[in-house]
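A closer look at the structure
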Amino acid sequence: MANYAWAKLPRDLPTGTDYLKGRNRSVKKLAILTAAVLLLAVTGIGSSVVSAQAVVDPHAPLDVVARDGMVAAAHPLAAQAGVDVMKAGGNAIDAAIATALTLNVVEPNASGLGGGGFMVIRFAKTGDVAVIDYREKAPASATRDMYASDQAKKELWTQLGGKAIGVPGTLKGLEMALQMYGTLTFADVAAPAIKLAEEGFEVSSELSGIIKDNYEKLAKYNDPDKVPYFHDGLALEPGDILRNPDLAATFRLIAEKGSDALYRGPVGEAIVEAVNKSGGNMTMWDLADYNAVMHTPVKGTYRGLEIISMPPPSSGGTHLIEILNVMENYDVKALGHNTPAYMHTLAEVLKLVFADRAAYMADADFVKVPVTGLTSKEYAKTLFNQISPDKVLRELKPGEPENFEHESTTHLTVIDEEGNIVSLTQTINYFFASGVMAEGTGLLLNNEMDDFSTNPNSVSAPEPGKRPLSSMSPTIILKDGKPFMALGTPGATRIFPSMAQIIMNVVDFGMGLDEAIEAPRMFCSSSAGKPGTLFVESRIPAEVRDALKAMGHNVSVRGDYDSYFGGTQAILLDQSSGMIHGAADSRRLGAAIGF
């Protein structure tokens, strides 16, 4: 059973550096401690019942519960920014954009205006859903074979420098959402981010470690004296104050001039100069030609719940539904949580799904993607029929979903007092992306070209204006036509497998939200028709791992709470009480804040 804090977190958590005082203190520890103290006060339980050690365990499952609104995001300062915007009269869309912009400041390694993303919005009054795609695009100079050479692979052209950079889309997407569905101005929603960028915030041990891990590429492509993540040429240490005044100035210019400041103005000129200086080929025309687009969501069901998620160019939503469709053929609860039988079954399902992903998934503007077939329960039955309860599939071929055609980084989730929901995933791809910053703007530029295939014959090979394949899967789930869950996670190709596990943890195993998120995870895939390694967190017992090996799985053990498996941010609505449950994954520095 999950633990629930039936009390609100403090309404006025500080929005400056004081919130993170104490270099090694986990934010989740603070949330758990605060909520637990409030819970004890409300219930009258004596303090001797709960040990201090249990209370401050950062991985202890505990849902933050509130009534009026909730933001779950990858950094507490970003979550607080969204809450502050809602308290000031903004809706969930305003709050999501404020949170996203603040993440550009406080989690610069993972997302920002130099990247792209997806947003799924559900409106409480009508039940309508809007899906906004602001995934990066390949520049006009792109060719299908641009990464096929030995030189390209040896020099990591898809990952480092200008050749790795796609045309960024985040600002266009956020602007579209704000203009169509928000109630505040860009200046309003950018205010928390501007304040933090100018005044600074305390660097966590996690962020310091990521800066150090990526020091070489940041120093290679930029003047070290101008990199905000360095001080005196060295990576910022835990407890140092990180300021990015150039980014604050960029946000102020956008508030004045709109997205033209980037796509037709001086910010864009700086981006083009940085791309070309570091070996790429991008023009102002590439930026001016960029557009965010609206899509129809991909939909499916799982045990009566309606799943609403991202269609291509994200593979995530489609394959999330495909996984759940196959698993629906099993009595998942009877298999047992993280037993050999359950993990073997899920691993086999994932292998088959990844075979389909390689064969069919790409930008639907360039390739016909059989989404209806891939999300068909009849098609899922054909995959189910290939799986043995005790033998490993050695040859993985894509199925034939077209026979079932009948005419998926960082994440944040927001719900406001009216019940409007935003599930938003944005990214610059690798931590600190291409390593290239646009001088004078504070912007770090993506390396999303890495998400194209290096095989020129692949359906996902690069082409001018094409959006690279993604696994991002911002998702909203309905129960009896009413909101039940909203969730998403970073984690590259682990995104939709992790989300499927969390959904089954809640639906099949009866876990609470944070309990479902904190539970041990696994991941498996396939490539070129061959099974991949089965990765598991070290909390999976040795006897389970041994049983999987005996079946023929190649098992690799990762950390106990390993960020390799993502960092989920989620909300769950208790339809009987009307309360909102929020949860943030302790695998990363996330926080859920309600009011």
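Remember, it's a predicted structure, so these values are computed and weren't measured experimentally. (Residues numbered from 1 in each chain as written. Predicted model: local features only at pLDDT ≥ 70, side-chain atom pairs only at ≥ 80, totals over all residues. Heavy atoms only, no water.)

**Section: the pairing of strand 18 (residues 482–488)**
Counting buried positions along strand 18 yields six of seven residues, so the element is predominantly enclosed. Across five bridges, the pairing between strand 17 (residues 475–479) and strand 18 is antiparallel. By the bridge assignment, Ile 477 is partnered in strand 18 with Met 485. Counted along the chain from strand 17 to the antiparallel partner strand 18, the turn is two residues long, and its residue Asp 480 has a positive phi close to 55 degrees. The sheet contact formed by strand 18 and strand 24 (residues 569–573) spans four bridges and is antiparallel. Note on strand 24: the bridge partner recorded for Met 485 is Leu 572. (Buried < 20%, exposed > 50% of the residue type's maximum accessible area, 1.4 Å probe, protein only. Helix = DSSP H or I, 4+ residues; strand = E, 2+ residues; numbered from the N terminus. Pairing = 2+ DSSP bridges.)

**Examining the sheet that holds strand 26 (residues 591–594)**
Strand order across the open sheet formed by seven strands is 10-5-4-14-13-3-26, with antiparallel pairing between neighbours. Two strands bound the open sheet, and with one partner strand each, they are strand 10 (293–295) and strand 26. Averaged over neighbouring strand pairs, the angle between their axes works out to 15 degrees when direction is ignored. Sheet analysis places strand 3 (residues 70–73) next to strand 26, joined by four bridges and oriented antiparallel. Pairing of Met 70 across the sheet is with Gly 594, part of strand 26. Here helix 3 (residues 76–87) sits on the sheet and contacts strand 3, strand 13 (410–415) and strand 26; the angle it forms with strand 3, its principal contact strand, is near 155 degrees. In the packing of helix 6 (residues 170–181) onto the sheet, the strands contacted are strand 4 (116–122), strand 5 (129–134), strand 10 and strand 14 (421–427), and the crossing angle to strand 5 comes to about 155 degrees. (Axes fitted to C-alpha atoms, helices over the stretch in contact; angles between N-to-C directions. Contact = heavy atoms within 4.5 Å.)

**As for the packing of helix 7 (residues 186–199) against helix 10 (residues 245–257)**
Here helix 7 crosses helix 10 at 165 degrees, and the two axes come no closer than 8 Å. In terms of orientation, helix 7 lies roughly antiparallel with respect to helix 10. Remark: the crossing between helix 7 and helix 10 carries left-handed chirality. Residues Phe 186, Ala 187, Ala 193, Ile 194, Ala 197 and Glu 198 of helix 7 pack against Pro 245, Ala 248, Phe 251, Arg 252, Ile 254 and Ala 255 of helix 10. Classifying every residue of the contact of helix 7 with helix 10 gives 10 nonpolar, no polar and two charged. (Parallel < 35°, antiparallel > 145°, perpendicular 65-115°, else oblique. Left-handed = near helix turned anticlockwise from the far one by under 90°. Nonpolar A, V, L, I, M, F, W, Y, C, P; charged D, E, K, R; others polar.)

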